[in-house]
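Chain residues, written in single-letter form:
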Amino acid sequence: MKTIYAAFALGLAGTMLAACSEAPAETEEAAAPLAASNARLFLPAVEGNPGVVYFDLENTGDRAISVRRADVEGAASAELHDYMEYDDTEMGSIGVVTVQPGETTSFKPGDLHVMAFELDPSLQAGGSTTVTLTMAGGTTMDFDAEIMPADAER
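Small disclaimer: the values here were computed from a predicted structure and weren't measured.

## Overview of the overall build of the protein chain
When helices and strands are tallied, the protein chain shows 1 helix and 10 strands. Secondary structure elements in the protein chain, listed N-terminal to C-terminal, are α-β-β-β-β-β-β-β-β-β-β. Within the protein chain, the fraction of its 154 residues that count as buried is 31%. Element-wise, carbon and sulfur atoms account for 51% of the exposed surface of the protein chain, whose accessible area totals about 9,700 Å².

Below you can see the structure in the form of C-alpha coordinates.
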(Lines give C-alpha, C1' and ligand atoms only; values in the text may rest on other atoms or scores of the structure.)
Protein backbone atom coordinates (compact mmCIF):
# COMPACT_ATOMS: atom_id res chain seq x y z
CA MET A 1 0.00 0.00 0.00
CA LYS A 2 2.92 2.32 0.81
CA THR A 3 4.20 1.78 -2.73
CA ILE A 4 0.93 3.04 -4.22
CA TYR A 5 0.99 6.18 -2.02
CA ALA A 6 4.64 6.79 -2.86
CA ALA A 7 3.94 6.45 -6.61
CA PHE A 8 0.95 8.79 -6.31
CA ALA A 9 2.96 11.39 -4.37
CA LEU A 10 5.84 11.20 -6.84
CA GLY A 11 3.46 11.62 -9.80
CA LEU A 12 1.71 14.55 -8.13
CA ALA A 13 5.02 16.25 -7.35
CA GLY A 14 6.12 15.85 -10.98
CA THR A 15 2.87 17.36 -12.22
CA MET A 16 3.21 20.31 -9.84
CA LEU A 17 6.80 20.96 -10.92
CA ALA A 18 5.83 20.81 -14.57
CA ALA A 19 3.01 23.29 -13.98
CA CYS A 20 5.40 25.67 -12.20
CA SER A 21 7.85 25.60 -15.07
CA GLU A 22 5.29 26.55 -17.73
CA ALA A 23 5.52 30.07 -19.09
CA PRO A 24 2.67 32.29 -17.98
CA ALA A 25 -0.10 32.66 -20.54
CA GLU A 26 -0.06 35.94 -22.43
CA THR A 27 -3.21 37.92 -21.79
CA GLU A 28 -2.67 40.68 -24.34
CA GLU A 29 -2.69 40.11 -28.06
CA ALA A 30 -0.03 41.79 -30.15
CA ALA A 31 -1.35 44.95 -31.74
CA ALA A 32 -1.95 44.89 -35.46
CA PRO A 33 0.73 46.77 -37.42
CA LEU A 34 -1.77 49.36 -38.62
CA ALA A 35 -1.69 53.14 -38.36
CA ALA A 36 -4.75 55.32 -38.93
CA SER A 37 -4.52 58.97 -39.94
CA ASN A 38 -6.71 61.80 -41.24
CA ALA A 39 -9.81 60.36 -39.49
CA ARG A 40 -13.03 62.36 -39.71
CA LEU A 41 -16.65 61.62 -38.85
CA PHE A 42 -19.03 63.74 -40.93
CA LEU A 43 -22.37 64.40 -39.29
CA PRO A 44 -25.46 63.85 -41.47
CA ALA A 45 -27.12 66.79 -43.21
CA VAL A 46 -30.52 65.43 -42.14
CA GLU A 47 -31.01 64.46 -38.49
CA GLY A 48 -31.62 60.73 -38.15
CA ASN A 49 -29.56 59.82 -41.22
CA PRO A 50 -26.24 58.02 -40.73
CA GLY A 51 -22.88 59.75 -40.47
CA VAL A 52 -19.82 58.68 -42.43
CA VAL A 53 -16.21 58.10 -41.34
CA TYR A 54 -13.22 58.56 -43.62
CA PHE A 55 -9.56 57.83 -42.78
CA ASP A 56 -6.31 56.41 -44.15
CA LEU A 57 -5.14 53.02 -42.89
CA GLU A 58 -1.48 52.09 -43.35
CA ASN A 59 -0.19 48.54 -42.92
CA THR A 60 3.37 48.84 -41.58
CA GLY A 61 3.77 45.08 -41.18
CA ASP A 62 4.94 42.28 -43.43
CA ARG A 63 1.62 40.46 -43.88
CA ALA A 64 -1.85 41.38 -45.08
CA ILE A 65 -4.29 42.50 -42.38
CA SER A 66 -8.05 42.03 -42.79
CA VAL A 67 -10.40 44.44 -41.05
CA ARG A 68 -13.74 42.75 -40.43
CA ARG A 69 -15.60 45.25 -38.26
CA ALA A 70 -15.80 48.91 -37.34
CA ASP A 71 -17.40 50.48 -34.28
CA VAL A 72 -17.88 54.20 -33.65
CA GLU A 73 -18.29 55.55 -30.14
CA GLY A 74 -21.62 57.37 -30.00
CA ALA A 75 -23.21 55.34 -32.83
CA ALA A 76 -25.67 52.52 -32.21
CA SER A 77 -23.96 50.55 -34.98
CA ALA A 78 -21.44 50.94 -37.79
CA GLU A 79 -20.67 49.10 -41.01
CA LEU A 80 -17.79 48.88 -43.46
CA HIS A 81 -19.15 50.14 -46.80
CA ASP A 82 -17.99 50.49 -50.37
CA TYR A 83 -19.48 52.21 -53.39
CA MET A 84 -20.70 49.62 -55.86
CA GLU A 85 -23.84 48.66 -57.69
CA TYR A 86 -26.00 47.04 -55.03
CA ASP A 87 -29.71 46.62 -55.84
CA ASP A 88 -30.92 50.16 -56.54
CA THR A 89 -28.19 51.91 -54.57
CA GLU A 90 -24.58 52.69 -55.31
CA MET A 91 -23.15 51.58 -51.99
CA GLY A 92 -23.45 48.61 -49.72
CA SER A 93 -22.08 46.86 -46.68
CA ILE A 94 -18.96 44.75 -47.19
CA GLY A 95 -17.62 42.06 -44.89
CA VAL A 96 -13.86 42.60 -44.95
CA VAL A 97 -11.29 45.17 -46.04
CA THR A 98 -7.78 43.77 -46.52
CA VAL A 99 -4.77 46.07 -46.31
CA GLN A 100 -1.68 44.65 -48.00
CA PRO A 101 1.76 44.91 -46.36
CA GLY A 102 3.42 48.27 -46.89
CA GLU A 103 0.28 49.78 -48.41
CA THR A 104 -2.21 52.44 -47.34
CA THR A 105 -5.93 51.95 -47.92
CA SER A 106 -7.97 55.14 -48.00
CA PHE A 107 -11.52 55.30 -46.73
CA LYS A 108 -12.72 58.30 -48.74
CA PRO A 109 -15.73 59.78 -50.52
CA GLY A 110 -16.87 57.64 -53.46
CA ASP A 111 -14.90 54.63 -52.19
CA LEU A 112 -14.48 52.70 -48.95
CA HIS A 113 -16.03 54.31 -45.84
CA VAL A 114 -17.63 53.49 -42.50
CA MET A 115 -21.32 54.25 -42.06
CA ALA A 116 -22.27 55.25 -38.50
CA PHE A 117 -25.95 54.71 -37.68
CA GLU A 118 -28.18 56.28 -35.01
CA LEU A 119 -25.68 58.89 -33.85
CA ASP A 120 -25.98 60.17 -30.30
CA PRO A 121 -26.91 63.88 -30.20
CA SER A 122 -23.87 64.48 -27.97
CA LEU A 123 -21.64 64.05 -31.04
CA GLN A 124 -21.06 67.64 -32.08
CA ALA A 125 -18.89 69.25 -34.75
CA GLY A 126 -15.54 70.30 -33.32
CA GLY A 127 -15.37 67.33 -30.95
CA SER A 128 -13.94 63.88 -31.49
CA THR A 129 -15.00 60.29 -31.13
CA THR A 130 -13.24 56.93 -31.04
CA VAL A 131 -13.31 54.46 -33.92
CA THR A 132 -12.48 50.82 -33.15
CA LEU A 133 -11.45 48.43 -35.91
CA THR A 134 -11.56 44.67 -35.33
CA MET A 135 -9.27 42.49 -37.42
CA ALA A 136 -9.71 38.86 -38.41
CA GLY A 137 -8.50 36.95 -35.36
CA GLY A 138 -9.99 39.47 -32.91
CA THR A 139 -7.19 42.03 -32.54
CA THR A 140 -8.55 45.57 -32.23
CA MET A 141 -7.19 49.07 -32.68
CA ASP A 142 -8.66 52.41 -31.62
CA PHE A 143 -8.12 55.86 -33.09
CA ASP A 144 -9.76 59.25 -32.73
CA ALA A 145 -11.84 60.84 -35.46
CA GLU A 146 -12.53 64.56 -35.59
CA ILE A 147 -16.26 65.31 -35.81
CA MET A 148 -17.06 67.50 -38.81
CA PRO A 149 -20.27 69.33 -39.75
CA ALA A 150 -22.23 67.91 -42.69
CA ASP A 151 -21.27 70.80 -44.96
CA ALA A 152 -17.49 70.58 -44.34
CA GLU A 153 -15.23 69.85 -47.29
CA ARG A 154 -14.55 66.17 -47.60
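## Overview of the nonpolar core
Soluble globular proteins: nonpolar side chains tend toward being buried together. Core analysis: the biggest nonpolar cluster contains 30 residues, and Phe-55, Leu-57, Val-114 and Leu-133 have the highest contact counts within it. Contributions of two or more residues to this core are made by β1 (34-42), β2 (51-59), β3 (65-72), β4 (75-86), β6 (97-99), β8 (113-119), β9 (128-135) and β10 (140-148). Among residues more than four places away in sequence, those in contact with Phe-55 are Ser-37, Asn-38, Ala-39, Arg-40, Thr-105, Ser-106, Phe-107, Val-114, Leu-133 and Phe-143.

## Side note on the packing of aromatic side chains
A complete count under the given rule lists 3 aromatic pairs for this structure. When the centroid spacing of 4.2 Å and the interplanar angle of 15 degrees are considered together, the rings of Phe-55 and Phe-107 count as stacked. Placement of Phe-55 in strand β2 and of Phe-107 in strand β7 (residues 104-107) is noted, with a sequence separation of 52 residues between them. Taking relative accessible area as the criterion, Phe-55 reaches 0% and is therefore assigned buried. When its relative accessible area of 2% is taken as the criterion, Phe-107 is described as buried. These aromatic residues form a ring-pair network of at least three members: Phe-55, Phe-107 and Phe-143.

## A few points about unusual backbone geometry
Phi at Asn-38 is positive, roughly 55 degrees, even though this residue is not glycine. Mapped onto the fold, Asn-38 is located in strand β1. In this structure, Glu-118 is a non-glycine residue whose phi angle is positive, near 50 degrees. Among the structural elements, Glu-118 can be located in strand β8. On the accessibility criterion, Glu-118 (63% relative accessible area) is exposed.

## Considerations on the pattern of salt bridges
A full pass over the atoms with the stated rule returns 1 salt bridge. A salt bridge links Asp-71 to Arg-69; the shortest N-O distance between them is 2.8 Å. Overall, Asp-71 belongs to the partly exposed group, its relative accessible area being 27%. A relative accessible area of 44% places Arg-69 in the partly exposed class.

## Quick look at the pairing of β3
Across 3 bridges, the pairing between β3 and β6 is antiparallel. Paired with Val-67 across the bridge in β6 is Val-97. Bridging between β3 and β9 involves 5 bridges; their strand directions are antiparallel. Opposite Val-72, over in β9, you have Val-131 as the bridge partner.

Analysis parameters
- Residues numbered from 1 in each chain as written.
- Predicted model: local features only at pLDDT ≥ 70, side-chain atom pairs only at ≥ 80, totals over all residues.
- Heavy atoms only, no water.
- Helix = DSSP H or I, 4+ residues; strand = E, 2+ residues; numbered from the N terminus.
- Buried < 20%, exposed > 50% of the residue type's maximum accessible area, 1.4 Å probe, protein only.
- Areas by Shrake-Rupley, 256 points an atom, 1.4 Å probe, with all protein chains shown as cover.
- Core = buried A, V, L, I, M, F, W, Y, C linked by side-chain atoms within 4.5 Å.
- Contact = heavy atoms within 4.5 Å.
- Phe/Tyr/Trp six-rings, centres within 6.5 Å; stacked < 30°, edge-to-face > 60°.
- Salt bridge = Lys/Arg side-chain N within 4 Å of Asp/Glu carboxyl O.
- Pairing = 2+ DSSP bridges.

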